[in-house]
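# Coordinate analysis (summary)
The residues making up each chain are set out below.
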Amino acid sequence: MAADSNTILLTQHEVDRVRDEVRGWLKHREVAAATHRKPRDGPAAIRAATGASLLMDMGGASDPDLVGGSSARQARPLLVIDHPYAPCGVPLEKLASMSLADLCLEQHHAGKFLRVKKVSPVILLATRSWTMVQDEAGDVERLEVYVQTQLDGIDVLESASEFYVKEPYLSLNRQGETMLRIDHPSDLIPRWEDGVDDSRPGPTRTDSHNEDTAASGDVILTLKEKGNASLKQQDYRTALAMYGSALENSANDTTLPGLAKDIYRNRAQVSLLTGYFDQARSDALSAILDGQDETTYRLNGKAYFRAGCAAYKLGRYEEASDSFTKQLQLVPGDREAELYLRRTTARIGEQDEGKYNIRKLRVKYASSSDPVDAASYTARTALRESPGLGRGLFAVEDIPIGGLVMCEKALCVSWSSGEDSVSALSYDTRDNEIRVTPISLVKAVTAKLSKNPSLIPKVMDLDGGSPSTPNSDTSPEPGAENNTVVNTFHLHDIVTLNAFALSSHTPSDSEKQKEASTGLWPHAAYINHSCTPNIAPEFLGDLLLFHATRPIKAGEELFHCYNATRDYDARQAALKTTWGFRCKCALCIAEEADGVEVRKRREELVVKAEGFVQRTAVPARRVAVVEARRLLGAIEGTYDEVRYRGLSRAGIRGLEEWLARAKVN
Ligand SMILES: C[S@@+](CC[C@H](N)C(=O)[O-])C[C@H]1O[C@@H](n2cnc3c(N)ncnc32)[C@H](O)[C@@H]1O
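Residues numbered from 1 in each chain as written. Predicted model: local features only at pLDDT ≥ 70, side-chain atom pairs only at ≥ 80, totals over all residues. Heavy atoms only, no water.

Going by the annotation in an unreviewed UniProt entry, the name recorded for the protein is SET domain-containing protein, with Meristemomyces frigidus given as the source organism.

This is how it looks when you write it as structure tokens:
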């Protein structure tokens, strides 16, 4: 992320206060660990939660997690990263039921699950939401969901009235209250009133008390019709759940083979609309019917269209092209299929040969936050080991100055202008650092991966720093409720280390907005940093392009500049805090060798030169030109000739440009 996105608006006094508070809280939890949970006064807890919710609704209470900033606008939620743990990958049916009374503090109750119902309104905070829940014995406890609070645009705690909590973790929140803590979305399973659990794809059944045998064709038909009605009303969550339940029931029913195909075809449509592209693709292909009649051709054409659209959304353009071609064979002349096939062919040209109309894209998308319909082009680069820097990207052919090096469509972008754009201060107890985390981007990436497991390896392979979180590659056992388990701690680390800020892209944004526009481009994330880079980024909507800033030879490593702060010490500090390294590029080695005094003197002169350039218009009087030359000479004098041979001298650029303009005029 760029430097300005990493600005922590806390005074040293506030930083110290936050650190002390967090240390006290961790100590408190350490002391409480392994002790039995104290039962709550249920009615009083529910009353208090209801009161807190009312107060929140009336705007009378502030988010208790907010810290720092002299105004509410500057304050940000504090998120503490401590003791990362792995999500549960075991299906509910293999877990044993437990009750709230059996819980111990600061323990992950492995091999167990809780079934609870919601008994108070949900309180929505910036980085968590909570409610009171009750188990079958009537005990009441607080249930808190951290960061990943939403499921398909709805707060997960608001989405249902009953839940299963897998491998419950009872902890103390920063306010000192006991709570069941959920960090991984797959550890909380909403249970719906009608017995249909959760709407997420995967083997749908979750309730070990619900193990029914095959349902009759009528039941399946009813579920399908309920699904169709929900789709019509744009209630996609219910539609997915109904179709899921219908398919689950039809697995044992061979009497109506065409019915299951219809349901797959319909669910493919809902999955497309809700971003479950993996499922849309496989459902659409499962819907293909045998038969040589017009109706079968039409229905299969529809299924291939949905499979093609899903493949397109996943960036599998060859496959999309294949599906649209099959559709056109079945339904010749279909306008939509022809249009999509043309688009797909254009994407394949971009992907294979870098054929973009960049001028047109610039006109349309410079300073825009619209998503660009374009493919990624990475054929000129290869991922290899980079001595001392982990992995890096290398050029596989000579690239001239100004040439397109690569182009990548974002996996996710969180735009500053987005309503849900939130950045938090995350205090990582593993290294005691406080960083700005683009929470909305972490959420968006988690949601995308949770919906599309085929994208997980691409993101989870990225550098998560060290120490990384345990079992970061957890894959669920067969039969787990949802076929995706995302370790959100690991993802948080990956996004923190690999996201780019788009601040330079939106110069007109306010300071707070600027910080919030961030995105994840998984291929570009392998590019290492240098203060004297050979490539430079350009953002067009959510498309990230890199052009060569000097001629690049085949086999050369590609570098871009993560942080262009001129001041050596500030730059090194930012690189260390955000990415955990000190830069040892040729420029940094030269600047380090300059010593503090020379760096300070140069900085003073450069600041003076900046002021001069700002206030002195061209054409200028001779006396001003003389002054500019004198300043330039003084700055040049701070660069050691031998040490800086072949290196750029950022401090003189402004004056040189001014002098060039003064001469021309
Ligand atoms: C965005 S990743 C780049 C890809 C990474 N090298 C990998 O192996 O996946 C950023 C990380 O790469 C390493 N890195 C990048 N540039 C570096 C540099 N100039 N010096 C030392 N480490 C660097 C640091 O570990 C940093 O946290």
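## Concerning the overall build of the protein
When its secondary structure is counted, the protein shows 18 helices and 26 strands. Expressed as a percentage of the 665 residues in the protein, the buried residues total 52%. Here the protein displays about 30,000 Å² of accessible surface, and carbon together with sulfur accounts for 52% of that area. (Helix = DSSP H or I, 4+ residues; strand = E, 2+ residues; numbered from the N terminus. Buried < 20%, exposed > 50% of the residue type's maximum accessible area, 1.4 Å probe, protein only. Areas by Shrake-Rupley, 256 points an atom, 1.4 Å probe, with all protein chains shown as cover.)

## Let's talk about the site of the ligand
As a structural note, the neighbourhood of the ligand is formed by 14 residues, with Leu389, Arg391, Asn528, His529 and Trp579 the closest of them. The separation between a nitrogen atom of the ligand and a polar main-chain atom of leucine 389 is 2.7 Å. Compared with its free state, where it exposes 560 Å², the ligand has 87% of that area covered by protein. Elements with a minimum of two residues in the shell around the ligand: strand 16 (390-395), helix 13 (488-498) and strand 23 (528-529). When its residues are assigned to classes, the shell around the ligand shows 8 nonpolar, 4 polar and 2 charged. (Near = heavy atom within 4 Å. Polar contact = N/O pair within 3.5 Å; in protein donor to acceptor, adjacent residues only side chain to side chain. Nonpolar A, V, L, I, M, F, W, Y, C, P; charged D, E, K, R; others polar.)

## A look at the sheet that holds strand 1 (residues 66-67)
Pairing within the open sheet is mixed, and its 4 strands lie in the order 1-2-19-20. With one partner strand each, in any of the chains shown, strand 1 and strand 20 (433-437) form the two edges of the open sheet. Summarising the sheet, strand 2 (residues 76-81) and strand 19 (residues 424-428) pair through 4 bridges and their orientation is parallel. Residue pairing for strand 19: valine 80 is matched across the bridge by tyrosine 427. Running over the sheet, helix 13 touches strand 2, strand 19 and strand 20 and is turned about 80 degrees from strand 20. (Pairing = 2+ DSSP bridges. Contact = heavy atoms within 4.5 Å. Axes fitted to C-alpha atoms, helices over the stretch in contact; angles between N-to-C directions.)

## Description of the environment of arginine 435
Considering the arrangement of structural elements, one finds arginine 435 in strand 20. Exposure remark for arginine 435: the relative accessible area of 11% places this residue in the buried category. Taking the C-alpha atoms as reference points, arginine 435 and leucine 78, 357 residues apart in sequence, are found 9.8 Å from one another. Within polar-contact distance, the side chain of arginine 435 engages the backbone oxygen of threonine 577 at 2.7 Å.

## Quick look at the packing of helix 3 (residues 217-232) against helix 4 (residues 236-250)
Their axes nearest at 8 Å, the elements helix 3 and helix 4 cross at an angle of 160 degrees. What the angle tells us is that helix 3 and helix 4 run roughly antiparallel. Note on packing geometry: the crossing formed by helix 3 with helix 4 is left-handed. Contacts between helix 3 and helix 4 pair Ile220, Leu223, Lys224, Lys226, Gly227, Asn228, Ser230 and Leu231 from the former with Tyr236, Thr238, Ala239, Met242, Tyr243, Ser245, Ala246, Asn249 and Ser250 from the latter. For the contact of helix 3 with helix 4, the per-class residue count stands at 8 nonpolar, 7 polar and 2 charged. (Parallel < 35°, antiparallel > 145°, perpendicular 65-115°, else oblique. Left-handed = near helix turned anticlockwise from the far one by under 90°.)

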